[in-house]
Each structure stands twice: as structure tokens, then as C-alpha cells.
Amino acid sequence: MDEDERQTRDELMILEALEQAMDRRDEVFQVIDDSEDVDEAIRRVGQLLGVGALGSRFVLDMQVRRFTRDQRQNIVSRAEELRSRLPDGR
């Protein structure tokens, strides 16, 4: 895997984590609210969404304004664009 493909896959992983968080916002907010600290929230969000620590950190860092329909569509569109660049489409 070359550097461009690695960067594309990393960005796609983050976008997919954000998309999942938006689809499951109530659960995500509850997990965050129930966590004692940031480290626990990162771990629990990752478990909830089935993503790694990097994806979880991006979810926790996401601004609430990004949860709007137009912002979600921007994320979905970018993810589709990235998938089309990958040899396996994933």
C-alpha cells in the first residue's frame, strides 16, 4: 500500500466513524455523559461504534454543528469519493 492509499484509508476510517456517530447520536451522547473522563469516553465510544481510538477521538472532537443533515451529507459524499479512489472500493 502506497502513502496516498494509506492516507485515503485513514481519512475514510475517520469519516465512517463520524457517520456512525451521527446515526447513533443519542447513544454516543449517553456514553459520553456516563463516562468518568475523556479516556473512558474514547474507549466506550470506540466499543459502541466498533472503531479504534483515532476514530473515537475524532467523534469526541466533533463539533455539535456537524450533526446537521447538510454536514452529514458532506461527510457521506466525501467518504464515497474516497471509496471510489481505492482499488477495492473499501
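Bear in mind the structure is a predicted one, so any value in this text is a computation, not a measurement.

Asks: I'd like to hear about the nonpolar core, residue by residue, with values.
Replies: Of all hydrophobic cores here, the largest spans 19 residues; its most connected members are Leu18, Val28, Val45, Leu49 and Val59. It is helix H1 (residues 3–23) that provides the largest number of residues to this core, a total of 7 residues. When neighbours within four sequence positions are excluded, Leu49 is seen to be in contact with Ala17, Gln20, Ala21, Arg24, Val28 and Val59.

Asks: Pulling in residues and values, what's your account of the side chain of Glu16?
Replies: Structurally, the position occupied by Glu16 is in helix H1. Those residues in contact with Glu16 that sit more than four places away from it in its chain are Arg83 and Arg90.

Asks: Break down the packing of helix H3 (residues 38–49) against helix H4 (residues 53–61) for me, with residues and values.
Replies: Contact geometry for H3 and H4: axes closest at 8 Å, N-to-C directions at 110°. The angle between the axes of H3 and H4 places the two elements in the roughly perpendicular class. The element H3 and its partner H4 pack so that their crossing is right-handed. Of the residues in H4, those touching H3 at Val38, Ala41, Ile42, Val45, Gly46 and Leu49 are Ala53, Ser56, Arg57, Val59 and Leu60. Of the residues in the contact of H3 with H4, the class split is 8 nonpolar, 2 polar and 1 charged.

Asks: Run through the pattern of salt bridges, naming residues and quoting values.
Replies: Throughout the structure, instances matching the rule amount to 12 salt bridges. Salt-bridge contacts for Arg72 lead to Asp23; the nearest nitrogen and oxygen are separated by 2.8 Å. Taken together, the positions of Arg72 in helix H5 (residues 69–85) and Asp23 in helix H1 put the pair 49 residues apart, joining distant regions of the chain. Ionic contacts of the salt-bridge type, sharing partners, join the residues Glu11, Arg78, Glu81 and Arg85 into one network.

Asks: Describe the environment of Asp33, and please don't skip the residues or the numbers.
Replies: Counting through the fold element by element, Asp33 comes out in helix H2 (residues 25–34). Residue Asp33 is classed as exposed on the basis of its relative accessible area of 59%. A C-alpha to C-alpha distance of 36 Å links Asp33 and Gly89, two positions 56 residues apart in sequence.

Cut-offs used in this document
- Residues numbered from 1 in each chain as written.
- Predicted model: local features only at pLDDT ≥ 70, side-chain atom pairs only at ≥ 80, totals over all residues.
- Heavy atoms only, no water.
- Core = buried A, V, L, I, M, F, W, Y, C linked by side-chain atoms within 4.5 Å.
- Buried < 20%, exposed > 50% of the residue type's maximum accessible area, 1.4 Å probe, protein only.
- Helix = DSSP H or I, 4+ residues; strand = E, 2+ residues; numbered from the N terminus.
- Contact = heavy atoms within 4.5 Å.
- Axes fitted to C-alpha atoms, helices over the stretch in contact; angles between N-to-C directions.
- Parallel < 35°, antiparallel > 145°, perpendicular 65-115°, else oblique.
- Left-handed = near helix turned anticlockwise from the far one by under 90°.
- Nonpolar A, V, L, I, M, F, W, Y, C, P; charged D, E, K, R; others polar.
- Salt bridge = Lys/Arg side-chain N within 4 Å of Asp/Glu carboxyl O.

Purely spatial values, then, with no claim about function.
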